[in-house]
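Residues per chain, in single letters:
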Amino acid sequence: CSAGKPRGGGGVDGLTAAASMMMESVRRQQPAAVAVTVTVTPTAPSAGGAGEEPGTGAGEGERSRAVLREAVEAVVKSFAKHTQGYGRVNVVEALQEFWQMKQSRGAELRNGALVVYEMVPGSCPPYVCYVTLPGGSCFGSFQPCPTKAEARRSAAKIALMNSVFNEHPSRRITPHFITHSLAHAHASNGGGEGVEAFHFMLEAYRGKSMLEFQELMTVFQLLHWNGSLKAMRERQCSRQEVLAHYSNRALDDDMRVRMAADWAGREAGSPGCLGLELGAAEGALEEARLGGRELRFHKERKDILALASALALGRPGAGGGC
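For the structure given in this document, a descriptive report is provided here. Predicted model only: the values in this text are computed from it and were never measured.

1. Here we look at the sheet that holds strand 3 (residues 138-140)
Across a sheet, strands are paired by hydrogen bonds formed along the backbone, either parallel or antiparallel in direction. Strand order in the open sheet formed by three strands is 1-2-3, and the pairing between neighbours is antiparallel. Two strands lie at the open edges of the sheet, namely strand 1 (116-119) and strand 3, each paired on one side alone. Pairs of neighbouring strands in the sheet enclose a mean axial angle of 20°, with direction left out of account. Of the strand pairs in this sheet, strand 2 (residues 129-132) and strand 3 are connected by three bridges, and their pairing is antiparallel. Bridge pairing links Y130 to G140 in strand 3.

As structure tokens, then:
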């Protein structure tokens, strides 16, 4: 965007508040268990927000994880029944076939239909694996896994459940969803520029799925977290300019390196801040992974900070995207 004279369409300030509203909207829009053939309890975790709520006790947390496992297994079995018949399903193959099927039916997949797995380095259990879907959403193994193969299957299961749920009509950005989300945003935030920006983002993604919407949200979450939105505001960028640019730009190594350099600079000015932020990011990622939630923001944040740590120490490193 251009520095100097601002352009129409409102400033960048509202995008920060809008990003928070987007997170809340995705969290509240939980898919119903009707997508599977087995009924699970009303508290069953689901795509984009499965698992234990903050503040619950250990017993309640364990019950939530048990329900999560039940829901995941129900979806996997249902998917196997309707696509491959009865019997044990190879969930890794099933997830890949699901996205290849979507592509063959005309889904716009910018980077093709390949599902990408990433094992966390480790020489002993429990092993951890992350999986990135073609659209960019990221999930991780949500159970203690004694082998690397089991960690890969665990990640594939939660990703398959979210992929299947994402096809349900309730997961679309419809006029009804937009109206309901804006009403909730007004009630919670009292209107203002943030609600206007939130409305703009919703309209831009009308007809798309919640996972697609969440991918846009991840970009703006990272821009807000890194302080990039504040910098754009100081350069007097308009809201439309920022949205138009980043809505059509996928997270890439260049963006990650820029953010990592920012954090390396902060570490130079305030020693210790990088380590604290990295510790918080690792904790948030672990909590979200074990809760079966979508991880892209947490994973990118942790990887960017790991790269920043390498830069701050003056050694080559690559955070690696999700």
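From this point, the discussion proceeds with the structure in view.
2. Brief notes about the nonpolar core
Of all hydrophobic cores here, the largest spans 37 residues; its most connected members are L202, F213, F220, L223 and Y246. Elements with a contribution of two residues or more to this core: helix 5 (175-189), helix 6 (193-204), helix 7 (210-226), helix 8 (228-234), helix 9 (239-247), helix 10 (253-269), helix 11 (273-290) and helix 12 (296-312). The element best represented in this core is helix 7, accounting for eight residues. Counting 28 residues, the second largest nonpolar core, distinct from the first, contains V131, A151, V164 and L211.

3. Some thoughts on the pattern of salt bridges
For the structure shown, the criterion picks out 11 salt bridges. When the shortest N-O distance is used, the salt bridge between R296 and E300 registers 2.9 Å. Of this pair, R296 and E300 both sit in helix 12, four residues apart, which is roughly one turn of that helix. Each member of the pair, R296 as well as E300, carries the same accessibility label: buried. K299 is the salt-bridge partner of D303, the closest N and O atoms lying 2.7 Å from each other. Of this pair, D303 and K299 both sit in helix 12, separated by four residues, roughly a single helical turn.

4. What to know about the packing of helix 11 against helix 12
Here helix 11 crosses helix 12 at 150°, and the two axes come no closer than 9 Å. Judged on the interaxial angle alone, helix 12 and helix 11 are roughly antiparallel. Between helix 11 and helix 12 the crossing geometry is left-handed. The residues of helix 12 that touch helix 11, namely those facing L274, E277, L278, A280, A281, E282, A284, L285 and A288, are H298, K299, R301, K302, L305, A306, A308, S309 and A312. Its residues assigned to classes, the contact of helix 11 with helix 12 shows 11 nonpolar, two polar and five charged.

Procedures and definitions
- Residues numbered from 1 in each chain as written.
- Predicted model: local features only at pLDDT ≥ 70, side-chain atom pairs only at ≥ 80, totals over all residues.
- Heavy atoms only, no water.
- Pairing = 2+ DSSP bridges.
- Helix = DSSP H or I, 4+ residues; strand = E, 2+ residues; numbered from the N terminus.
- Axes fitted to C-alpha atoms, helices over the stretch in contact; angles between N-to-C directions.
- Core = buried A, V, L, I, M, F, W, Y, C linked by side-chain atoms within 4.5 Å.
- Buried < 20%, exposed > 50% of the residue type's maximum accessible area, 1.4 Å probe, protein only.
- Salt bridge = Lys/Arg side-chain N within 4 Å of Asp/Glu carboxyl O.
- Parallel < 35°, antiparallel > 145°, perpendicular 65-115°, else oblique.
- Left-handed = near helix turned anticlockwise from the far one by under 90°.
- Contact = heavy atoms within 4.5 Å.
- Nonpolar A, V, L, I, M, F, W, Y, C, P; charged D, E, K, R; others polar.

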